[in-house]
Amino acid sequence: MSERTLAIIKPDAVRKQAIGDIISRYEKAALKPVAMKLLHMAKPVAEGFYAVHKSRPFFDSLCTFMSSGPSVVLVLQGDNAIKKNREIMGATDPAKAEQGTIRAAHGTNIEFNAVHGSDSPETATFEIGFFFPGMEIYDGR
Ligand code: IDP
Ligand code: MG
């Protein structure tokens, strides 16, 4: 079933000039970008995006990181896009991520882990709507 997921190429990966490599991995996995932009999140924007994590001990540090430089935010579309993206991302902790995954290739540690991917249809709907109005998402397939 074709579905959509939200991906973020986080500030650490943008700083490492890994944007092109990561987008190439999405395309090779048949995850087609249908909306995309580069933006520098203000800290309150990062706090809104990660509100689900606000009681976690790493919340403030995570939001400082996510607002430390520009990110690339994308909507990816394809069969089982949510699960497939989580697979090619690898585990949250890059040290535990399988070889060949984006986090194994570009992650530094459990916080600076290169990419975000929605984890369920509900979070995908919230996260896509957080960054993109419907009119900015390509619908031509
Ligand atoms: P996910 O990105 O693999 O879905 P989540 O548990 O949803 O992982 O955590 C959101 C983000 O918070 C992670 O991608 C990572 O940047 C950061 N994070 C998660 N766990 C920790 C931690 O234990 N210490 C510091 N940062 C963390
Ligand atoms: Mg998550």
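Everything below is about the structure printed above this text.
Only a predicted model underlies this, so the values are computations on that prediction, with no experimental measurement involved.

Rules of the game
- Residues numbered from 1 in each chain as written.
- Chains lettered and ligands numbered in written order.
- Predicted model: local features only at pLDDT ≥ 70, side-chain atom pairs only at ≥ 80, totals over all residues.
- Heavy atoms only, no water.
- Core = buried A, V, L, I, M, F, W, Y, C linked by side-chain atoms within 4.5 Å.
- Buried < 20%, exposed > 50% of the residue type's maximum accessible area, 1.4 Å probe, protein only.
- Helix = DSSP H or I, 4+ residues; strand = E, 2+ residues; numbered from the N terminus.
- Contact = heavy atoms within 4.5 Å.
- Phe/Tyr/Trp six-rings, centres within 6.5 Å; stacked < 30°, edge-to-face > 60°.
- Lys NZ or Arg CZ within 6 Å of the ring centre and 35° of its normal.
- Near = heavy atom within 4 Å.
- Polar contact = N/O pair within 3.5 Å; in protein donor to acceptor, adjacent residues only side chain to side chain.
- Nonpolar A, V, L, I, M, F, W, Y, C, P; charged D, E, K, R; others polar.

Colleague: Even after reading the chapter, I still don't get the nonpolar core, so can you show me in this structure?
Modeller: Soluble globular proteins: nonpolar side chains tend toward being buried together. Ranked by internal contacts, the top residues of the largest apolar core, which has 20 residues, are Leu6, Ile8, Met66, Val75, Phe131 and Phe132. Within the residue set of this core, elements represented by two or more residues are strand S1 (2-9), strand S2 (32-39), helix H3 (43-49), helix H4 (59-66), strand S3 (71-79) and helix H7 (121-131). The element contributing the most residues to this core is H4, with five residues. Leave out the neighbours within four places in its chain, and Ile8 touches Met41, Phe49, Met66, Ser71, Val72, Val73, Ala114, Val115, His116 and Phe131. In terms of nonpolar packing, the next biggest core, distinct from the first, is built from 19 residues, Ala7, Ala13, Val14 and Ala29 among them.

Colleague: Help me understand the packing of aromatic side chains in this model?
Modeller: Centre-to-centre distance and the angle between the planes together describe a pair of aromatic rings. The tally for this structure, following the rule as stated, stands at six aromatic pairs. Centroid distance Phe49 to Phe131: 5.4 Å. Interplanar angle 40 degrees. Geometry classified as tilted. Residue Phe49 is found in helix H3, and its partner Phe131 is found in helix H7; the two are separated by 82 residues along the sequence. For the pair Phe49 and Phe131, a shared accessibility class is recorded, and that class is buried. Through a chain of ring-to-ring contacts, three or more aromatic side chains come together here, namely Phe49, Tyr50, Phe126, Phe130 and Phe131. Looking at Lys37, its charged tip hangs above the ring of Phe132, at a distance of 4.5 Å from the centre.

Colleague: What's the story with unusual backbone geometry in this structure? I'm lost.
Modeller: Among all residues except glycine, the phi angle is most often negative; among peptide bonds, the trans geometry is most common. In this model, Asn80 sits at a positive phi of 50 degrees, which is unusual for a non-glycine residue. Note that Asn80 resides in the loop between S3 and helix H5 (81-89). The phi dihedral of Ala114 is positive, around 75 degrees, even though this residue is not glycine. Take Ala114: it is sitting in the loop between helix H6 (102-106) and strand S4 (115-117). For Ala114, a relative accessible area of 0% puts it in the buried group.

Colleague: What should I look at first to understand the environment of Ile137 in this one?
Modeller: Its place among the elements puts Ile137 in the segment after H7. A residue is classified by how much of its surface remains accessible, and Ile137, at 12% relative accessible area, is buried. Considered as a pair, Ile137 and Leu76 are 61 residues apart in the sequence and their alpha carbons are 9.9 Å apart. Not counting residues within four places of it along the chain, the set of residues in contact with Ile137 comprises Arg4, Val34, Ala35, Val75, Ile128 and Phe132.

Colleague: What is the right way to read the site of ligand 1 from this model?
Modeller: Residues in contact with ligand 1, as listed here, are Lys10, Tyr50, His53, Phe58, Leu62, Arg86, Thr92, Arg103, Ile110, Glu111 and Asn113. Between ligand 1 and Lys10, the relevant distance is 2.9 Å, taken from an oxygen atom to a side-chain nitrogen or oxygen of the residue. Side-chain polar atom of Arg86 to an oxygen atom of ligand 1: 2.8 Å apart, as the coordinates give it. Class assignment of the residues belonging to the shell around ligand 1 gives a composition of four nonpolar, three polar and four charged.

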